[in-house]
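# Overview (structure and organization)
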Amino acid sequence: MKLLKPAWVHHNGKPIFSVDIHPDGTKFATGGQGEDSGKVVIWNMPPVVREEDEKNEAIPKMLCQMDNHLACVNCVRWSNNGLYLASGGDDKLIMLWKRAAYIGPSNVFGSSSKLANVEQWRCVSILRSHTGDVMDLAWSPHDAWLSSCSIDNTVVIWNALKFPEIIATLRGHSGLVKGLTWDPVGKYIASQADDRSLKVWRTMDWQLETNITKPFDECAGTTHVLRLSWSPDGHYLVSAHAMNNSGPTAQIIERDGWKTNMDFVGHRKAVTVVKFNPKIFKKKPRNGSSNKPSCPYCCCAVGSKDRSLSVWLTCLKRPLVVIHELFDKSIMDISWTLTGLGLLVCSMDGTVAFLDFSQEELGDPLTEEEKNMIHQKTYGKSLAITTEQQLSTTIIENPEMLKYQQQQKQLQEQKKNALGSRELMATKVPNMLNGESLEDIRKNLLKKQIETRTADGRRRITPFCIAQLDTGSAITSTPTAVPTSTQLLTSPSRIEPMKALDSRFTERSKSTPGTAPISSVARQTDLDRGKDLGLSKELKPREIQESSSDSDEKIPASKISSSSKRKYDTEAEVVEKKKKGRPRKETKHMPITITTQPAPSTEKEVSRVSAPVIVFKLPTPTPKKAFNIQVSTEPAMYIEVENEVPTVTGWKLSRLKCMREGKEWDTLLTSRILTAAGSCDLVSVACEERMVSVFSANGRRLLPAILLQSPISTLHCASHFVMALMATATLSVWDAKKQTVLVKDESLITILSGNDTTITQSLLTHHGVPVVTLSNGKSYCFNTSLCTWNLISDKQDSLVQCADYRSCLTSQEAMLCSGPLATVQGCGINAGRQAARLSSMPHVLQRGTTLAYLENQVAAAMTLKSSQEYRHWLLIYTRYLVNEGFEPRLRELCKDLLGPVHNSSSSQWESTVLGLRKRELLKEMLPVIGQNLRFQRLFTEYQDQLDLLRDK
C-alpha cells in the first residue's frame, strides 16, 4: 500500500468538506470554503497517482475552479454517467455542472493570471427547495433521481431526467439531516440525522420502511457530517456516529430484518464518514492451495474525528490497515477510485490523502455478471417462462412482431454494453452509496440555553463553554503485517492495524434490536393532514442557527464569513422555529363507544325477544380558542381559526382566515368553529349546532350552511368535494361544484366489525371517493355506483406477502406511480418483499397468488377512480400475463379494450375508462404482448383490428 499526500490539492488553507472521483477515474472534485464564497475545484487525477506525471509541468494539476456558490460547499457528487457534477452548500442551493465546449484556458475570476481553467464547466441548473444548508447529495442507480438533505430536517428527491421537478419530499426527521445513501439497485434510500435516528425509505412509494434509533441512544454529541454507506452487495448498511458501551462505532445494519447486532469498533472519537468500495472481492488462490471458491466479501473505509482512517475487509476480524494522525483535523469525506484499489480522503484541515492498494492486499474483484448474480439473490429472479432456447426455432409470421423482437434484442445489447461500461466506471457505485457526516454537541447542551432579545426583536443566544469531548478507549495496537511503502509530503503518520473489541463485528453487550416498528397508524399522508385539530398558533419560519464545529477544529474568528459561520463556531445548541401554521404530525385513533339498547316492545309482545340496537359513538372535536392547519405545501396554503372574537355589541363571533401564496381572505361566522378542512378549490368548516359551511378558494360562500344529522367527528376536503364523518359513524360526501350529494348518511356499521375495531385514518380522494382505514389493517372505500363498501387494502392479506411481480417492473419510471391506492396501502404496496424468502413455495401457487394480487390492485384502482394507478397496475398485470402465458385472460382483456369493430346501436361498450381511451391502452399493451413469440397470433389479430379502425 502507498500513502500520498499531494500538497498541491488545497483550498488555500480553508477546509475541504467533500471529495468525489469521476467515474472514468481521470479527475476528481473537491468542495469546501473559498475566500468569501463556496468553492468547487476539479483536479487532474494522474498527477496524484503517478509521480512522473506530478513532476511533469506540461500536465495540469487543476482543471477548473467554480466560485458560484454564495457560501461554503458541503458536498460534491458526480453522476454515474459522469456527465454532471452536483454541488450543495450553505447557500441552500444545489448546482448542477456540465462540461462546456472547449474555448481555451480561462483565468479564474479574482485570481492572478497564472491560475487558469483548463476545462470549462458551467452551471446548467440550480435547484431551490431547501430552507437550510444543504449537507449531502446522492445520485440513485442509473441516475434516475438525485437526493439531497439539509438542516431543514428534510430529504428531497429530484427527478434527474427533468430538473428541477421534485418527485418527493421526505419528512420525518426531527433534527438536521446530514447523510444519504442509496442501496445498490435503488429500492431504498437511507438518511441519518442529528435526531439520533437512521431512517430507511422505500422508493416504491417514498414511505418509511424502518426507523433505527437504538445504536444512537448513547450519542451525546454530533458531528459536522454523517456520511453513511450501503455495501455493493446490498446486504449491509453502515451508519456513521453510533455508540456501543460508551465507545464510538460505525453501526452495521443487516438488510434482512434491519438487525443491529454488529459494528466496526476501535476509533477513539465519533465516526464521521463510512464509504464502501464499489467492488465485491474474492480471495486470490494461493500457490498450492485448493481452487475451492471463497465467499465474496466487501471492503469498507471508515473515517473519524480522531483524524484516523481504518480500512476493513468483511472476511477479516481486524481492519486491514489503520492510519493514525493522518490529518490535523477531522476526516470529512472518502471516495474510492475507478478500479476499487485506491481511495481519496479529505479533511477539515484543507488537505487530501491518497491510498493505493494492490490486488494482493484487497483480493480479486468480481465481474459484473458475478455481482449481478449476488443482486439477484438479494432482489429476486424474474419468473418469466419464455426463454431464448424454447423459442429459438419459432418462425415469426408478422412484420410488426419482428420489429418488436428486434427492438427487444437491441435493448438487451444496450443493457450488455451498459453493464460493460459500468464495470469500467465502477467507482461510481460508492458515490450512490454515500452517507453523510456529523459534528459534536455535548449532552449537557441539550439543556435549556440562555436566550435574550434585543430592542429590535432579534434573538441572542449565549454560547456555553464546552470541554473537549474525548471518548478515548484503552485499546492497544499491535504491529502491522500489511506491507506499506509510504510517501508523505507532510508530517509522518502512524500506520497500524486497529484492534477490535472482540472481532470485526462485535455482538452488542445489550441484546437489543435497533429498529422501531413503523405503525401504519402513525403514517399520516398529505391528504389526511388537514384533519388535525386543536393546534396552537406557531411562529413564522425563522432562520435556523447551528454551530457545528469541534472545539479542536476552530479557525480564527476574524476569518469567518457570516455565511459560513456555522462551520467553525464553538458548539451551540441548534435552535429551530416551527413554520407558521404547520400542524403537528399526529395520528388520531378514533375510539368507538358501542352501546346496546333493547328495542321497545309492547305488552302484547312479551314473549318475543327484542334484538339489541347497536349505537356507535365516534369522538368529536372540542371547541378551542384558536387553531390552524396547513392545507397544502404546493401551493402553500394555511387556514387559521379564531373563536370568541369580541364585538362592540358584546356578541362573540368566529373568524376564519385563509392564506395562500401571500394572499389571504377572512370571513366571520356566528357560532364557534370546531374543525376545518380545505383543498386548492374550497375551504370547509364545521361549527357548533351541527352546521357545515363551504367557501370557495377566494372566500365566497358556495351554499347555505348544511345541517348535519349528528355532531361532526372529522371533516375532509379534496378538489371540490366535502366529506363529513359524523359521531354516529355515518358518512356523507357532497360535490360543492355541482351542489349534489354523492354519499348520503352512509353507515360505517357494515365495516366496523368487532368491539375493538377503531378508525385509524379517513381520507377523501380528488374524485370524491371516501376511504376509511381500520385498526385491523383493512381499508374500505365507498363505491357510489354500487352503493357498497369495497375492500381495497388488507395489511394482513397473504396475497400481499406472497405475490411477486418484480420481474414486471421494467424500469424505475414504473415505480413513480403515486395516488390514493399507494397512500392507503403504504407497506402493502411493496408486495413480494417476502416472496424471495419463500423458496419452498411451489411456483404454481406463487403464480396464483401474484395473479390474484395484481387483479385486486387493478380493481381497487378502478374503484378509487385513480386513472394513473389503474394504467400503472394494468400494464404490470399485462406483463405478468405475457410472462406466465395466461392466454385466455390476456385475450379477454384485449377484447374488452378493443370493443366492437363495427358500430352497433345495441352495444353497451364504453370507449373510455377513468378518462383513459381503451384503444390507446391496447396500443400500449401490444408491444408487451409482442415480446413473447407464443402470443404472435393474438398479437397479429389485435394489431390488424387496430389498423382497420385507424384506416376507417
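Residues numbered from 1 in each chain as written. Predicted model: local features only at pLDDT ≥ 70, side-chain atom pairs only at ≥ 80, totals over all residues. Heavy atoms only, no water.

## A short note on the pairing of strand E46 (residues 652–660)
Working note: regular strand, side chains alternate between the two faces of the sheet. Direction of pairing for strand E45 (residues 637–646) relative to E46: antiparallel, over a ladder of eight bridges. Counterpart to Glu642 in the pairing with E46 is Arg655. Between E45 and the antiparallel strand that follows it, E46, lie five residues; Gly650 among them carries a positive phi value of about 95°. Strand direction decides the pairing type here: E46 and strand E47 (residues 663–669), joined by seven bridges, are antiparallel. Paired with Arg660 across the two strands is Lys663, which belongs to E47. Between the end of E46 and the start of E47, which pair antiparallel, lie two residues, with Glu661 showing a positive phi angle near 50°. (Pairing = 2+ DSSP bridges. Helix = DSSP H or I, 4+ residues; strand = E, 2+ residues; numbered from the N terminus.)

## Quick word on helix H12 (residues 887–898)
Relative to the 16 Å expected for 12 residues at 1.5 Å per residue, H12 spans 16 Å between its end C-alpha atoms, a close match to the ideal helical length. When H12 is considered as a whole, its buried residues turn out to be Leu890, Leu893, Cys894, Leu897 and Leu898. Buried residues of H12, viewed axially, fall in a sector of 130°; they line one side. Away from its buried face by more than 90 degrees, H12 exposes Pro888, Glu892 and Lys895. On the buried face of H12, the contacting elements are helix H11 (867–884), helix H13 (918–929) and helix H14 (936–951). Downstream of H12 by a residue or two, Gly899 has a phi angle that is positive, lying close to 75°. (Expected span 1.5 Å × (residues − 1). Buried < 20%, exposed > 50% of the residue type's maximum accessible area, 1.4 Å probe, protein only. Arc of directions from axis to C-beta. Contact = heavy atoms within 4.5 Å.)

## Quick look at the packing of H12 against H13
Packing of H12 against H13 brings their axes to within 8 Å, and their N-to-C directions diverge by 145°. In the crossing of H12 with H13, the sense of the turn from one axis to the other is left-handed. Side by side, H12 and H13 meet where Leu890, Leu893, Cys894, Asp896, Leu897 and Leu898 of the first sit next to Lys918, Arg919, Leu921, Leu922, Met925 and Ile929 of the second. Residues belonging to the contact of H12 with H13 are distributed by class as follows: nine nonpolar, no polar and three charged. (Axes fitted to C-alpha atoms, helices over the stretch in contact; angles between N-to-C directions. Left-handed = near helix turned anticlockwise from the far one by under 90°. Nonpolar A, V, L, I, M, F, W, Y, C, P; charged D, E, K, R; others polar.)

## Re the sheet that holds strand E7 (residues 84–89)
Spatially, E6-E7-E8-E11 is the arrangement adopted by the four strands of the open sheet, whose pairing is antiparallel. The open sheet has two edge strands with one neighbour each: strand E6 (73–78) and strand E11 (121–128). With direction set aside, neighbouring strand axes in the sheet form an average angle of 20°. Inspection of the sheet shows strand E8 (residues 93–99) paired to E11 by seven bridges, in the antiparallel sense. Directly across from Ile94, in E11, lies its bridge partner Leu127.

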